[in-house]
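# Geometric and topological summary
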Amino acid sequence: AMFGGFAVMSEPYDLKQIARFADFISLMTYGQYGSGMPPGPVAGYFWVEQSIRYALQFVPAHKLSMGLGFWAYRWCNQQITYSGYADIANLASATGAVPRWHAWDRSPWFEFDRDGCRNVVWYENERSLREKLKLVHQYRLHGYSAWRLGQEDQAFWGDEGVRPIGHSAPQR
């Protein structure tokens, strides 16, 4: 099915029925690109937003948790490897690659040549994750869920407003 110009999979999950029984649902708003596809972001901003808007047709906002992917994709021809932020930052430094910002997807990426292969790397960093967090507030969602802790840009946790679910900001 199409929703807002994006292909969506409505099956095999009946979100409306699941929402009746779940405390909250973590929507996997990551993994937009993968094997057999051209290089692209872990989760482009508008793709994430359309995924949320689609799910909100079936799930109340207070039960919907937006997923954040904390990993990076590295394409070399059709081979994809997955890494964490620290590995990608080291790779960019070691290869002299210049990180770029993709304005539409609100995601960082870089490219470099190595061993006869054009490597393209898409990843999440503090800036791209904070852009997506705005959607949690805009749509008044339950919060966010993350896959996979320990792979993220540690600067993401620097703001008092960014806390894992179940943790609250210190009282003042």
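We now turn to the structure provided with this report. This structure is a prediction, so every number in the text was calculated from the model and none was measured.

On to the pattern of salt bridges, then. Summed over all chains, the structure comprises seven salt bridges. Arg100 is paired through a salt bridge with Glu111; the nearest N and O atoms lie 3.2 Å apart. One end of the pair, Arg100, is in strand E7 (residues 100-102); the other, Glu111, is in strand E8 (residues 107-114), with eleven residues separating them in the sequence. Overall, Arg100 belongs to the partly exposed group, its relative accessible area being 40%. Residue Glu111 is classed as partly exposed on the basis of its relative accessible area, which comes to 23%. Residue Glu124 is joined to Lys132 by a salt bridge in which the shortest nitrogen-to-oxygen separation is 3.1 Å.

This part covers the sheet that holds strand E5 (residues 72-76). Strands in a sheet are paired, the pairing made by backbone hydrogen bonds, and the direction either parallel or antiparallel. Taken in spatial order, the five strands line up as E6-E5-E9-E8-E7 in an open sheet, and their pairing is antiparallel. If you trace the sheet from one side to the other, it starts and ends with strand E6 (79-83) and E7, each paired once. Strand after strand, the sheet turns through a mean of 25° between neighbouring axes, direction not considered. Helix-sheet contacts for helix H3 (residues 85-95) involve E5, E6, E8 and strand E9 (117-123), and the interaxial angle to E8 is about 50°.

Throughout this description, disulfide means a covalent bond between two cysteine sulfur atoms. In this structure the tally under the stated criterion is one disulfide. The disulfide bridge from Cys76 ends at Cys117, spanning 2.0 Å between sulfur atoms. Placement of Cys76 in strand E5 and of Cys117 in strand E9 is noted, with a sequence separation of 41 residues between them.

A few words on the sheet that holds strand E10 (residues 143-147). Pairing in this open sheet of three strands is parallel, and the strands run E3-E4-E10 from one edge to the other. Strands at the two margins of the open sheet, each flanked by one partner only, are strand E3 (25-27) and E10. Across the sheet, the mean angle from the axis of one strand to that of its neighbour is 35°, orientation sign disregarded. With five bridges joining them, strand E4 (residues 64-69) and E10 adopt parallel strand pairing.

Phi is positive for Asn77, which is not a glycine, with a value near 55°. Looking at the element boundaries, Asn77 is found in the loop between E5 and E6. In this model, Asp115 sits at a positive phi of 50°, which is unusual for a non-glycine residue. Tracing the backbone through its elements, the reader meets Asp115 in the loop between E8 and E9. Residue classification places Asp115 among the exposed positions, given a relative accessible area of 77%.

The next subject is the pairing of E6. Two strands pair when backbone bridges link them, and E5 and E6 are joined in this way by five bridges, in the antiparallel orientation. The partner of Cys76 across the bridge, within E6, is Gln79. The hairpin formed by E5 and E6 contains two residues between the paired strands, and Asn77 there has a positive phi angle of roughly 55°.

The next subject is the environment of Ile52. Mapped onto the secondary structure, Ile52 falls in helix H2 (residues 45-55). Ile52 sits 15 residues away from Gly67 along the chain, and the two C-alpha atoms are 9.8 Å apart. Not counting the four nearest positions on each side in its chain, Ile52 is found in contact with Leu27, Thr29, Leu64, Met66, Leu135, Tyr139 and Leu141.

Counting 33 residues, the largest nonpolar core has Ile52, Met66 and Leu68 as the members making the most contacts within it. Among the elements of the structure, helix H1 (15-21), E3, H2, E4, E5, E9 and helix H4 (126-138) are those that each provide at least two residues to this core. Beyond its immediate sequence surroundings of up to four residues, Leu68 is in contact with Tyr30, Leu129, Lys132, Leu133, Tyr144, Ser145, Ala146, Trp147 and Phe156. With nine residues, the next largest nonpolar core counts Leu91, Ala92, Ala97 and Phe112 among its residues.

Conventions and cut-offs
Residues numbered from 1 in each chain as written. Predicted model: local features only at pLDDT ≥ 70, side-chain atom pairs only at ≥ 80, totals over all residues. Heavy atoms only, no water. Salt bridge = Lys/Arg side-chain N within 4 Å of Asp/Glu carboxyl O. Helix = DSSP H or I, 4+ residues; strand = E, 2+ residues; numbered from the N terminus. Buried < 20%, exposed > 50% of the residue type's maximum accessible area, 1.4 Å probe, protein only. Pairing = 2+ DSSP bridges. Axes fitted to C-alpha atoms, helices over the stretch in contact; angles between N-to-C directions. Contact = heavy atoms within 4.5 Å. Disulfide = S-S within 2.5 Å. Core = buried A, V, L, I, M, F, W, Y, C linked by side-chain atoms within 4.5 Å.

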